[in-house]
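Architecture and fold: a report
Here is what each chain is made of, one letter per residue.
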Amino acid sequence: GAVVSQHPSWVICKSGTSVKIECRSLDFQATTMFWYRQFPKQSLMLMATSNEGSKATYEQGVEKDKFLINHASLTLSTLTVTSAHPEDSSFYICSPKGYDNSPLHFGNGTRLTVT
Amino acid sequence: QKEVEQNSGPLSVPEGAIASLNCTYSDRGSQSFFWYRQYSGKSPELIMFIYSNGDKEDGRFTAQLNKASQYVSLLIRDSQPSDSATYLCAVIKAFTGGGNKLTFGTGTQLKVEL
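All values reported here derive from a predicted model rather than from experimental measurement. (Residues numbered from 1 in each chain as written. Chains lettered and ligands numbered in written order. Predicted model: local features only at pLDDT ≥ 70, side-chain atom pairs only at ≥ 80, totals over all residues. Heavy atoms only, no water.)

Some details on unusual backbone geometry
Spelled out, the test is: Every helix listed is a DSSP run of H or I at least four residues long, and every strand listed is a run of E at least two residues long, numbered separately from the N terminus.
That bond from A:His7 to A:Pro8 is cis: its omega, -5°, falls within 30 degrees of zero. Mapped onto the elements of the fold, A:Pro8 is located in the loop between β1 (4-7) and β2 (10-13). Looking along the chain, the bond that leaves B:Gly9 and enters B:Pro10 is cis, with omega of 10°. With respect to the helices and strands, B:Pro10 occurs in the loop between β1 (4-5) and β2 (11-14). If you check the backbone angles, B:Asp78 has positive phi at about 50° while not being a glycine.

Here you go:
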């Protein structure tokens, strides 16, 4: 299966600070990156979709100025949670997709806790 | 109506039994269907995918798709305690040009008891 590296695996930060999450596709070129968020006992919710070299498309209710997505290369995308608040505490998961239509795989996720 | 619906469970089965997990979806134009397993605190991992009506078998797992009934299921034969996890059903709707977005159900918690 596809190799996806997501870092950090967990992070604790203070309210008001920013956190950057990296997602790398190690064995294929990720033309598209999906970013998901999962709250406890809930399913994955798509936050945004980004295509390499272009602006991300955000799902309804997701603030684009708060969740900054950069997809500058075919192997790396980042999600920055700006001015984090306790309600942003969640499990963030990336899912890169290549040129083909292979089933989507996921990074190992980042557990964010905002205190 | 939710786009992808699953019974949250928990579904409890004895070790060695067949576990049957069900999922319905609302968009009749949906094209691709996936089953993911998610252990607590971990990221989902792909178990199976199915595109065509009928059954698809892979080891102890069988995915069943009935597009007319908008229903997809996952059967796990010879269930093991290590199969205890939450199983997520995911659907890709008709391609809209924005990439293949997965829509997830809320998952069914499976408990395989000794």
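Further notes follow.
Some words on the side chain of A:Ser95
Spelled out, the test is: N or O atoms closer than or at 3.5 Å make up a polar contact, with two conditions inside protein: a donor-capable atom paired with an acceptor-capable one, and, for residues adjacent in sequence, both atoms drawn from side chains.
Within the secondary structure, A:Ser95 is located in strand β9 (residues 90-97). A distance of 2.7 Å separates a polar atom in the side chain of A:Ser95 from the backbone oxygen of A:His105.

A word on the environment of A:Pro96
All names here are of chain A. Convention followed: Think of it in three bands: with a 1.4 Å probe and only protein chains considered, a residue is buried below 20% of the maximum accessible area for its type, exposed above 50%, and partly exposed in between. Whether two residues touch is decided by their heavy atoms; if any such pair falls within 4.5 Å, the residues are in contact.
Mapping Pro96 onto the fold places it in strand β9. A residue is classified by how much of its surface remains accessible, and Pro96, at 4% relative accessible area, is buried. Taking the C-alpha atoms as reference points, Pro96 and Phe106, separated by ten residues in sequence, lie 7.1 Å from one another. If sequence neighbours within four positions are ignored, Pro96 has contacts with Val4, Cys23, Ser25, Phe28, Ala30, Thr32, Met33, Leu104 and His105.

With respect to the sheet that holds β1(A)
Residues and elements named next belong to chain A. Quick note on the threshold: For two strands to be treated as a pair, DSSP must find at least two bridges joining them. Structural elements are reduced to axes, namely lines fitted to C-alpha atoms, with helices fitted over the stretch in contact, and the angle between N-to-C directions of any two is expressed from 0 to 180 degrees.
If you trace the four strands from one edge of the open sheet to the other, you get β1-β3-β8-β7, paired in antiparallel fashion. Two strands in the sheet have a free side with no partner beyond their single neighbour: β1 and β7 (67-70). In this sheet, adjacent strand axes meet at a mean angle of 15° when their direction is disregarded. As paired strands, strand β3 (residues 19-25) and strand β8 (residues 76-81) are joined by six bridges and run antiparallel to one another. Looking at the pairing, Lys20 lines up with Thr80 of β8.

Details of the pairing of β9(A)
Successive side chains on a regular strand alternate, one facing one side of the sheet and the next facing the other. Residue and element names in this part refer to chain A. In terms of burial, β9 is a largely internal element, eight of the eight residues being buried. Side chains Ser90, Tyr92, Cys94 and Pro96 project from β9 onto one buried face, and the interleaved Phe91, Ile93, Ser95 and Lys97 project onto a second face that is buried too. Bridge analysis of strand β4 (residues 32-38) against β9 gives seven bridges, and the strand direction is antiparallel. Looking at the pairing, Arg37 lines up with Tyr92 of β9.

Overview of the interface of chain B and chain A
By a widespread convention, an interface's size corresponds to the accessible area lost as its parts come together. Here is the rule: Once two parts are joined, some of their accessible surface, as seen by a 1.4 Å probe, is lost; buried area is that loss totalled over both. Salt bridge, as applied in this entry: a Lys or Arg side-chain nitrogen positioned within 4 Å of an Asp or Glu carboxyl oxygen. Gly counts as polar in this scheme, as do all residues outside two lists: the nonpolar Ala, Val, Leu, Ile, Met, Phe, Trp, Tyr, Cys and Pro, and the charged Asp, Glu, Lys and Arg.
Counting from both sides, the interface comprises 19 residues of chain B and, opposite them, 20 residues of chain A. Each partner contributes to the roughly 1,400 Å² buried at the junction of chain B and chain A, and carbon and sulfur atoms together form 59% of this total. Where chain B meets chain A, there are zero salt bridges. Counting every contact that joins chain B to chain A gives three residue pairs in polar contact (both at pLDDT 80 or more). Those elements that provide at least two residues to the side of chain B that touches chain A are β4 (32-38), β5 (45-50) and β10 (102-104) of chain B. At three residues, the largest contribution of residues to the side of chain B that touches chain A is made by β4(B). Of the residues belonging to the side of chain B that touches chain A, the class tally is nine nonpolar, eight polar and two charged.

Details of the sheet that holds strand β10 (residues 110-114) of chain A
Residue and element names in this part refer to chain A. Read from one edge of the open sheet, six strands run β2-β10-β9-β4-β5-β6, paired in mixed fashion. Sheet topology places β2 and β6 (57-58) at the edges, where each strand pairs with a single neighbour. Relative to β6, strand β5 (residues 45-51) is paired through two bridges, and the arrangement is antiparallel. Counted as the bridge partner of Thr49 is Thr57 from β6.

A look at the environment of A:His105
Residue and element names in this part refer to chain A. Locating His105 in the fold gives a position in the loop between β9 and β10. On the accessibility criterion, His105 (23% relative accessible area) is partly exposed. Counting along the chain gives eleven residues from His105 to Cys94, while the straight-line C-alpha distance between them is 8.6 Å.

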